[in-house]
Amino acid sequence: MVTTERLYSGMQPSADSLQAGNYIGALLPWRRMQAEYDAFFSVVDLHAITVPQDPAELREKTRRTAAQYIAAGIEPSKSTLYVQSHVKAHTELAWILSTITGFGEAGRMTQFKDKSQRFGESATSVGLFTYPVLMAADILLYQTDVVPVGDDQKQHVELTRDLAERFNARFGKTFVVPKPVIAAEAARIYDLQNPTSKMSKSAESHAGVLWLLDDVSVTAKKIMRAVTDSDGVVRYDREAKPGVANLMTIYGALTGSTHAAIEDEFAGRGYGDFKKAVRDAVVAEFEPVRAKALELLDDPAELDRVLAVNAGKAEEVAERTLTDVRDRIGLLRRG
Ligand code: TRP
């Protein structure tokens, strides 16, 4: 019998709009993969509160993130798309897993080291420290086979594997040991003004960040102003020509063209022509997604209803795993 492998991924609701890096690096591959896998996608609001949040904004960003998943083609009738905090099993399993996680092991997570250094000791919470354990709980609750993530999350998935193996060795086979699937270089998008840094919502200036929900005229202008170089040739060279390479990556991701095909298409033409083509491809891609997301956000009650149905589906799977875990570690069943 062939069983469909399970896939799990998630994104933090940390901005009003996703940016082109999230779209090309995560949403597009997720949309493709949902046809081949039994896919679970969450909006990880409990991860988002490891840094200070405004309550009303968090609620709004959570809805907005979910709306953009759906608008980008994640189908809530096909994939299980839900809000992490709606399924209480996540926090309970995270606690249990924290008891088999080494203090030093958690302390070696480079994302924690970076963030805690940036925030300073007084702004670094225990929640930020145990963030990867909550992520492990997300993944392991669903008996996940594959976890598509960016490079920066690979170490967290490795920790998840270690915890699954450790738990299984100690208490008997309970969890599937998941594999990370790391986004290809072809899906890595850089800042248009600073093309050696990843495109990010936390960039100091937003001039090089393309927001999915921005008016497309703003997006068009940002592309026409993207940093290139002075040699005038459309050629893929990440080291020597990072600006042009980045635009080629964006264009290739949206049109399906290879680097060689793009080089041919623009041979003997200037950057002006090339940028116009990139602009048209991005605008054509973003426009309907933006319209759909805004339409979904116009009816928050219906969006909340869809998310609740999917939380119910997720909960069923999660509770099954959690009941097994509780029994295995010796928690007395409530009579
Ligand atoms: N930590 C991930 C990120 O910032 C988000 C995340 C939380 C996640 N739980 C997950 C990703 C489970 C994959 C699987 O990108």
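Everything here concerns the structure above.
These remarks concern the structure in this document. (Residues numbered from 1 in each chain as written. Predicted model: local features only at pLDDT ≥ 70, side-chain atom pairs only at ≥ 80, totals over all residues. Heavy atoms only, no water.)

Topic: empty space enclosed by the protein
The gaps of empty space that remain are located by a probe, the size of a water molecule, rolled over the atoms.
Link 1 in the chain: In total, this model carries 1 cavity of 30 Å³ or more according to the counting rule given.
Link 2 in the chain: Approximately 40 Å³ is the volume attributed to the largest cavity.
Link 3 in the chain: Contributing to the lining of the largest cavity are Q111, F112, K115, L128, Y131, P132 and H156.
Link 4 in the chain: Of all elements in the fold, only α6 (110-119) and α7 (126-141) reach the threshold of two or more residues within the lining of the largest cavity.
Link 5 in the chain: Taken together, the residues that form the lining of the largest cavity break down as 4 nonpolar, 2 polar and 1 charged. (1 Å grid on protein atoms, 1.4 Å probe; cavity = no way out; pocket = protein on both sides within 12 Å on 5 of 7 lines; lining within 4 Å. Points joined across faces, edges and corners; volume = space filled by probe spheres on them. Helix = DSSP H or I, 4+ residues; strand = E, 2+ residues; numbered from the N terminus. Nonpolar A, V, L, I, M, F, W, Y, C, P; charged D, E, K, R; others polar.)

What about the site of the ligand?
Link 1 in the chain: Neighbouring the ligand are 13 residues; H47, Y131, M135, D138 and Q153 lie closest to it.
Link 2 in the chain: Within the side chain of Y131, an N or O atom sits 2.7 Å from a nitrogen atom of the ligand.
Link 3 in the chain: With respect to the ligand, the side chain of D138 contributes an N or O atom lying 2.7 Å from a nitrogen atom.
Link 4 in the chain: Coverage of the ligand by the protein chains reaches 89% of its 360 Å² of free accessible surface.
Link 5 in the chain: Contributions of two or more residues to the shell around the ligand are made by β1 (6-11), α7 and β4 (146-149).
Link 6 in the chain: Ranked by residue count, the leading element in the shell around the ligand is α7, at 4 residues.
Link 7 in the chain: Residue composition of the shell around the ligand, by class: 7 nonpolar, 5 polar and 1 charged. (Near = heavy atom within 4 Å. Polar contact = N/O pair within 3.5 Å; in protein donor to acceptor, adjacent residues only side chain to side chain. Areas by Shrake-Rupley, 256 points an atom, 1.4 Å probe, with all protein chains shown as cover.)

What about unusual backbone geometry?
Keep in mind that most residues, glycine aside, have a negative phi and that most peptide bonds are trans.
Link 1 in the chain: The backbone phi angle of Q143 is positive, close to 50 degrees, even though this residue is not glycine.
Link 2 in the chain: Along the chain, Q143 falls in the loop between α7 and β4.
Link 3 in the chain: Residue Q143 is classed as partly exposed on the basis of its relative accessible area, which comes to 21%. (Buried < 20%, exposed > 50% of the residue type's maximum accessible area, 1.4 Å probe, protein only.)

Overview of the pairing of β4
Link 1 in the chain: The alternating pattern of β4 places V146 and P148 and V147 and V149 on opposite faces, both of which are buried.
Link 2 in the chain: Direction of pairing for β4 relative to strand β5 (residues 179-182): parallel, over a ladder of 4 bridges. Within the sheet, the bridge partner assigned to V147 lies in β5 and is P180.
Link 3 in the chain: In this view, the connection linking β4 to its parallel neighbour β5 by way of helix α8 (residues 154-171) has right-handed handedness. (Pairing = 2+ DSSP bridges. Right-handed = clockwise from strand over helix to strand, strands pointing away.)

Examining the nonpolar core
Link 1 in the chain: One finds Y23, L27, W30, Y69 and F274 to be the most contacted residues of the largest nonpolar core, which totals 58 residues.
Link 2 in the chain: Every element with two or more residues in this core is listed here: β1, α1 (20-33), β2 (38-43), α3 (55-71), β3 (80-83), α10 (242-255), α12 (271-297) and α13 (300-329).
Link 3 in the chain: With 11 residues, the single largest contributor to this core is α12.
Link 4 in the chain: Setting aside anything within four residues of it in sequence, one finds F274 in contact with V234, V244, L247, M248, I262 and F266.
Link 5 in the chain: Of all hydrophobic cores here, the second largest spans 38 residues; its members include M135, V157, A318 and V325. (Core = buried A, V, L, I, M, F, W, Y, C linked by side-chain atoms within 4.5 Å. Contact = heavy atoms within 4.5 Å.)

A word on the packing of aromatic side chains
Link 1 in the chain: Counted according to the given criterion, the structure contains 13 aromatic pairs.
Link 2 in the chain: Summarising the aromatic geometry, the rings of Y251 and F266 are spaced 5.8 Å apart at their centres and angled 70 degrees between planes, so their arrangement reads as edge-to-face. One end of the pair, Y251, is in helix α10; the other, F266, is in the loop between α11 (259-265) and α12, with 15 residues separating them in the sequence. Both residues of the pair, Y251 and F266, count as buried.
Link 3 in the chain: Cluster of aromatic residues (ring-pair linked, three or more members): Y8, F40, Y82 and Y142.
Link 4 in the chain: It is R238 that lies over the ring of Y190; its NZ or CZ is 3.7 Å from the centre. (Phe/Tyr/Trp six-rings, centres within 6.5 Å; stacked < 30°, edge-to-face > 60°. Lys NZ or Arg CZ within 6 Å of the ring centre and 35° of its normal.)

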